[in-house]
Amino acid sequence: MVYSIMMFIIAGLAEIGGGYLIWIWLREGKPLHFGIFGAIALVLYGVVATFQTFPSFGKVYAAYGGVFIILSVLWGWGIDKKTPDLYDWIGAGVCLIGAGIILFAPRS
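None of the values given here were measured: they were computed from a predicted structure.

## Some points on the packing of helix α1 (residues 2-27) against helix α2 (residues 32-49)
Two elements in contact, α1 and α2, have axes whose closest approach is 7 Å; the angle formed by their N-to-C orientations is 155 degrees. The angle between α1 and α2 falls in the class roughly antiparallel. You can see that α1 and α2 cross each other, and the crossing is left-handed. Contacts between α1 and α2 involve M7, I10, A11, A14, E15, G18, G19, L21, I22, I24 and W25 on the former and, on the latter, L32, F34, G35, F37, G38, A39, A41, L42, L44, Y45, V48 and A49. Partitioning the contact of α1 with α2 into residue classes produces 18 nonpolar, four polar and one charged.

In structure tokens:
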């Protein structure tokens, strides 16, 4: 379980970081190399996600969505300096609980 969580976090940071670099390149006029590094990070995100041990692509990506939301809130807080409010945390927590249900619910 620790391995899976770490893979979700690494994939999330690659996706959010890559998207952020492309965002600031195109929207804030940063140099082209920001976009290139962003694209590389997004490719790495796609590769890292395949290291999950769960057999189903759909379940991995659905569960990853919950982790992505938590990481996005944290990224906005730490990098963009936008403090999350109570509803941001409640919404992110609901998504994370949903991700846990998708991955770890007992099935027959």
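## Points about the packing of aromatic side chains
Enumeration according to the criterion identifies nine aromatic pairs in this entry. Arranged with centres 6.4 Å apart and planes meeting at 70 degrees, the rings of Y45 and Y61 form a pair that is edge-to-face. Placement of the pair is Y45 in helix α2 and Y61 in helix α3 (residues 57-78), with a sequence separation of 16 residues. Within the aromatic cluster, the residues linked to one another by ring pairs are F8, Y45, F57, Y61, Y64 and F68.

Conventions used here
- Residues numbered from 1 in each chain as written.
- Predicted model: local features only at pLDDT ≥ 70, side-chain atom pairs only at ≥ 80, totals over all residues.
- Heavy atoms only, no water.
- Axes fitted to C-alpha atoms, helices over the stretch in contact; angles between N-to-C directions.
- Helix = DSSP H or I, 4+ residues; strand = E, 2+ residues; numbered from the N terminus.
- Parallel < 35°, antiparallel > 145°, perpendicular 65-115°, else oblique.
- Left-handed = near helix turned anticlockwise from the far one by under 90°.
- Contact = heavy atoms within 4.5 Å.
- Nonpolar A, V, L, I, M, F, W, Y, C, P; charged D, E, K, R; others polar.
- Phe/Tyr/Trp six-rings, centres within 6.5 Å; stacked < 30°, edge-to-face > 60°.

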